[in-house]
Amino acid sequence: MSLLIWVFSGMLSMCGALSFCELGTMFKRSGGEYQYIKAAYGKLPSFLYLWICGIIRNGMGCAAIALTFAHYFMDLFMDDTDAAFTFSKKMAASVAVVIIISVNIYSTKIGLWMQNIFTILKLSALIVLIIMGFYKLCSGRQRTSPPTGLKELLLTCLAGLTRRPEVGI
C-alpha cells in the first residue's frame with residue numbers, strides 16, 4: 001500500500017512539474033511564478049506574492065528545514081525527552097543557518113559545491129531506501145494484512161511520518 005502512495009505522490013508531483021514546464025515555455029521572461037501571476041492577475045497580486053514569498057514563505061521554509069535537521073542531528077547526541085533538547089535543537093538550527101549563509105556570502109562557488117554534495121547525498125539515501133523497500137517487498141517480509149479501513153490507513157501513514165511505530169495499527 002505504501003508503494004502505491006509513493007507512486008501516486010510521484011505522479012502528482014510530476015503533473016505539477018510538467019505544468020511549470022509548460023508555463024516556462026509560454027513565458028520567455030525570467031521571474032518564474034512572479035511572471036505567471038503578473039500575466040494572469042496583474043501587477044498588484046504579483047507584487048504582493050513576491051513580498052509574501054520573500055518575507056514569509058522562504059524564511060519559514062528555511063526555518064522548517066533547519067529545525068528538522070537540528071532535531072535529527074541532536075537526536076544523535078541526546079534524548080528528545082531531555083529538558084535541554086528543545087534549546088539545543090534551536091541552537092543547532094540557528095548555527096546551521098548561519099553556516100550556510102556564511103558559506104554563500106564567502107563564495108557562491110563553494111555554496112554551489114556544497115549544494116551539489118548534499119544533493120548527491122540525498123539522492124544516494126533515497127536510492128538506498130528504494131532498494132531496501134524493494135528487497136523487503138520481494139523477500140516476502142511485508143505486512144501480512146494491509147490496512148482495511150480509512151482509520152488504519154491514516155494511522156499507518158502517521159506512523160511512517162512520525163517515526164513512531166506504536167502509532168500504527
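Residues numbered from 1 in each chain as written. Predicted model: local features only at pLDDT ≥ 70, side-chain atom pairs only at ≥ 80, totals over all residues. Heavy atoms only, no water.

1. A few points about helix α3 (residues 43-75)
For α3, which comprises 33 residues, the first-to-last C-alpha distance of 46 Å matches the rise-based estimate of 48 Å (1.5 Å per residue) to within 8%. Along its length, α3 shows its largest kink, about 45 degrees, at Cys53. By the burial criterion, the buried members of α3 are Ser46, Cys53, Ala66, Ala70, His71 and Met74. Looking at the packing, one finds that the buried side of α3 touches α2 (33-41) and α4 (85-106). (Helix = DSSP H or I, 4+ residues; strand = E, 2+ residues; numbered from the N terminus. Expected span 1.5 Å × (residues − 1). Bend = angle between axes of the 7 residues up to and from the residue. Buried < 20%, exposed > 50% of the residue type's maximum accessible area, 1.4 Å probe, protein only. Contact = heavy atoms within 4.5 Å.)

2. Notes on the packing of aromatic side chains
Any pair of aromatic rings gets described here by the distance separating the centres and the angle formed by the planes. All chains considered together, the criterion is met by five aromatic pairs. Taking the centre distance of 6.3 Å and the plane angle of 65 degrees together, the rings of Phe47 and Trp51 count as edge-to-face. Of this pair, Phe47 and Trp51 are both found in helix α3, four residues apart, which corresponds to roughly one turn of the helix. We classify Phe47 as partly exposed; its relative accessible area is 43%. By the ring-pair criterion, three or more aromatic residues cluster together here, those being Phe20, Phe27 and Tyr36. (Phe/Tyr/Trp six-rings, centres within 6.5 Å; stacked < 30°, edge-to-face > 60°.)

3. Focus: the pattern of salt bridges
For the structure shown, the criterion picks out one salt bridge. Note that Glu33 and Arg57 form a salt bridge whose closest N and O atoms lie 3.6 Å from each other. Of this pair, Glu33 sits in helix α2 while Arg57 sits in helix α3; the two residues are 24 residues apart in sequence, bridging distant segments of the chain. (Salt bridge = Lys/Arg side-chain N within 4 Å of Asp/Glu carboxyl O.)

4. Examining the nonpolar core
Residues Ala66, Ala70, Met74, Met78, Phe85, Ala92 and Ala93 constitute the largest nonpolar core, which totals seven residues. Of all the elements in the fold, those that place two or more residues in this core are α3 and α4. Each residue touching Ala70, except ones within four places of it in the same chain, is listed here: Lys89, Ala92 and Ala93. (Core = buried A, V, L, I, M, F, W, Y, C linked by side-chain atoms within 4.5 Å.)

5. Thoughts on the packing of α3 against α4
Contact geometry for α3 and α4: axes closest at 8 Å, N-to-C directions at 125 degrees. One finds that α3 runs oblique with respect to α4. Two packed elements cross with a definite hand, and for α3 against α4 that hand is right-handed. On α4, the residues touching Cys62, Ala66, Leu67, Phe69, Ala70, His71, Met74 and Asp75 of α3 are Phe85, Ser88, Lys89, Lys90, Ala92, Ala93, Ala96 and Val97. Counted by class, the contact of α3 with α4 contains 11 nonpolar, two polar and three charged residues. (Axes fitted to C-alpha atoms, helices over the stretch in contact; angles between N-to-C directions. Parallel < 35°, antiparallel > 145°, perpendicular 65-115°, else oblique. Left-handed = near helix turned anticlockwise from the far one by under 90°. Nonpolar A, V, L, I, M, F, W, Y, C, P; charged D, E, K, R; others polar.)

6. Digging into the environment of Phe73
Note that Phe73 resides in helix α3. The spatial distance from the C-alpha of Phe73 to the C-alpha of Lys89 is 8.2 Å, given a sequence separation of 16 residues.

7. Re the side chain of Gln35
Within the secondary structure, Gln35 is located in helix α2. Look at Gln35 and you get buried, because its relative accessible area is 10%. Apart from residues lying up to four places away in sequence, Gln35 is in contact with Arg29 and Ser30.

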